[in-house]
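Fold and geometry: a report
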Amino acid sequence: MVTKVDRNAIKFNQVSIAVVSTAAFLADFPLLAGLLAVVLAIATARPAWSLFRGIYQRIVLPPGWLRPNIVDDEAAPHRFAQGVGATFLAGGWIALVSGAGAVGWALVLLVAVLAMVNVVFDFCAGCFVYYQLRRAGLIRRPAAQE
Amino acid sequence: MADRLLVLVLIAAGVAALRLLLRWRSARYRVRSAADLVPRGRPRPVVLAFSTPDCVPCRTQQKPALQELLRRYPERVEVRDVDAAEQPGLADRFGIMTVPSTVVIDPRGRIVAINHGVTRWERLAAQLSLNGVRPPARVRSQGA
């Protein structure tokens, strides 16, 4: 469903995710990755409770550091992508506390890299994967469009 | 800490290398002719806009950018929507790897650029030299 979406809020969210994930890796602080997973899971379930959205609206917007960029968009895919990010981060945190450091940090950094690629290059990794799976015949067209 | 910084540098280098690889791949497809896709009676640039019905960025980001391009340069460019899932042959012809993607073809049928991902109207106009801004000679394709 098309609605009004602040694209700068989405970009701020993505940059925040990348920064916190990278900081967790640099500081070798798995708990931070786990906390980020919880923050994203909450934001996915209840967007109004999003921590980064709150920071954007209460701290970043008032002084004019960023200005809203309101466009027609669909919120659902962004929430879905955030949910996927939360899942990867949770998986990474579980791997880290289980002693699988390489796998855990790989999952955490994957979230950071994909978020930054989207911000910097406008490249939707989810779209890429979906398109390739569909070309490979692993995803069928919706019945209504066949 | 130093080893972790090194990992980050390597990841950044990897992303940059992937981007260069994609650019090189696009360049290989760009040497082919697309003269058959240029309108015959009145040759003008063509932008092929590859999308799929379920691609949200195609609808919410790429389509408005293409509409803005047409609004600013009516009669000077033609935009054709292509369902990449319906026409896989055409998508393969240009090495389309994701949607949205745009293929920019000049009036002589030369492929000027193959853009993977959302491309803003300003960039498309520059690739077609419509806005007086000529793109750098070697930087005419983008992607991750």
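Keep in mind that this is a model prediction, so the values were computed, not measured.

Rules used throughout
In every chain, residue numbers begin from 1 and rise along the written sequence. Lettering of chains starts at A and numbering of ligands starts at 1, both following the order in which they are written. Local features in this predicted model are restricted to residues whose pLDDT is 70 or higher, and side-chain atom pairs enter the listing and the counts only when it is 80 or higher, whereas totals over whole chains, interfaces and linings include all residues. Helix and strand assignments come from DSSP, with helices taken as H or I runs of at least 4 residues and strands as E runs of at least 2, each series counted from the N terminus. The burial label depends on the number of other C-beta atoms within 10 Å of a residue's C-beta. Counts of 20 or more mean buried, 12 or fewer mean exposed, and intermediate counts mean partly exposed, with C-beta atoms placed from the backbone. Note that contacts rest on C-beta atoms placed from the backbone: two residues are in contact if these are within 7 Å. The term nonpolar core refers to a set of buried Ala, Val, Leu, Ile, Met, Phe, Trp, Tyr and Cys residues connected through C-beta atoms within 7 Å. Amino acids are sorted into nonpolar (Ala, Val, Leu, Ile, Met, Phe, Trp, Tyr, Cys and Pro), charged (Asp, Glu, Lys and Arg) and polar (every other residue, Gly among them). Pairing between two strands requires that DSSP report at least two bridges joining them. By the criterion used throughout, a crossover qualifies as right-handed when its path from the first strand across the helix to the second strand runs clockwise, the strands pointing away from the viewer. Think of each axis as a best-fit line through the C-alpha atoms, taken over the contacting stretch in the case of a helix, with angles from 0 to 180 degrees between the N-to-C directions. In this scheme, a helix's expected span is set at 1.5 Å multiplied by one less than its residue total.

1. Regarding the overall build of chain B
- Tallying secondary structure elements over chain B gives 4 helices and 4 strands in all.
- For chain B, the α and β elements follow one another from N to C terminus as α-β-α-β-α-β-β-α.
- Principal-axis analysis of the C-alpha atoms places the extent of chain B at approximately 65 × 35 × 30 Å.
- Expressed as a percentage of the 144 residues in chain B, the buried residues total 38%.
- Pairs at least 24 apart in sequence give 69% of the contacts found in chain B among residues at least 6 apart.

2. Description of the overall build of chain A
- When you go through chain A residue by residue, the secondary structure sums to 6 helices and 2 strands.
- Scanning chain A from its N terminus toward the C terminus, one meets helices and strands in the order β-α-α-α-β-α-α-α.
- The principal-axis extents of the C-alpha atoms in chain A amount to approximately 50 × 45 × 25 Å.
- Within chain A, counting contacts between residues at least 6 apart in sequence, those at least 24 apart form 66% of the total.

3. Some words on the nonpolar core
Residue and element names in this part refer to chain A.
- Core analysis: the largest hydrophobic core is formed by 61 residues, its most contacted members being Leu 36, Leu 89, Val 108 and Ala 112.
- Aside from chain neighbours lying at most four places away, what touches Ala 112 is Ile 17, Ala 18, Ser 21 and Thr 22.
- Ala 9, Phe 12, Phe 52 and Tyr 56 belong to the second-largest nonpolar core, a separate cluster that totals 5 residues.

4. Quick notes on unusual backbone geometry
- Residue Pro100(B) is bonded to the preceding Val99(B) through a cis peptide linkage, with omega at -5 degrees.
- Looking at the element boundaries, Pro100(B) is found in the loop between α3 (88–93) and β3 (101–105).
- Its identity as a non-glycine residue notwithstanding, Asp28(A) has a phi of 50 degrees, on the positive side.
- Examined against the element boundaries, Asp28(A) turns out to sit in the loop between α1 (7–26) and α2 (30–45).
- The class for Asp28(A) is exposed, based on 12 C-beta atoms found within 10 Å.
- The residue Asp122(A) is not glycine, and still its phi comes out positive at about 55 degrees.
- With respect to the helices and strands, the residue Asp122(A) is situated in the loop between α5 (101–121) and α6 (125–135).

5. Here we look at the environment of Ala95(A)
All names here are of chain A.
- On the secondary structure map, Ala 95 appears in helix α4 (residues 75–97).
- Taking the C-alpha atoms as reference points, Ala 95 and Gln 57, 38 residues apart in sequence, are found 34 Å from one another.
- With residues near it in sequence (within four places) discarded, Ala 95 still touches Ala 100, Val 103, Gly 104 and Leu 107.

6. A few points about the interface of chain B and chain A
- Counting from both sides, the interface comprises 22 residues of chain B and, opposite them, 22 residues of chain A.
- Sorting the residues of the side of chain B that touches chain A by element identifies α1 (2–30) and α2 (56–72) of chain B as the ones contributing at least two each.
- Here the element with the most residues in the side of chain B that touches chain A is α1(B); it accounts for 4 residues.
- Per-class residue counts for the side of chain B that touches chain A are 14 nonpolar, 6 polar and 2 charged.

7. Things to note about the pairing of strand β1 (residues 46–51) of chain B
Residue and element names in this part refer to chain B.
- Within β1, 6 of the 6 residues are buried, which leaves the element mostly enclosed by the surrounding structure.
- Bridge count between β1 and strand β2 (residues 78–83): 6 bridges; the pairing is parallel. What sits directly across from Phe 50, in β2, is Val 82.
- Note on the crossover from β1 through α2 to β2: the handedness is right-handed.

8. Considering the sheet that holds strand β4 (residues 111–116) of chain B
All names here are of chain B.
- If you trace the 4 strands from one edge of the open sheet to the other, you get β2-β1-β3-β4, paired in mixed fashion. Where the open sheet ends on each side, the last strands, each with one partner, are β2 and β4. Geometrically, the sheet is characterised by an average inter-axis angle of 15 degrees between neighbouring strands, direction not taken into account.
- Strand direction decides the pairing type here: β3 and β4, joined by 5 bridges, are antiparallel. Paired with Ile 105 across the strands is Ile 111, a residue of β4.

9. Observations regarding α1(B)
Residues and elements named next belong to chain B.
- The terminal C-alpha atoms of α1 lie 42 Å apart, and with 29 residues this matches the ideal 42 Å at 1.5 Å per residue to within 8%.
- Those residues of α1 not exposed but buried are Leu 22, Ser 26 and Arg 30.
- For α1, the secondary structure elements touched by its buried residues are β4.

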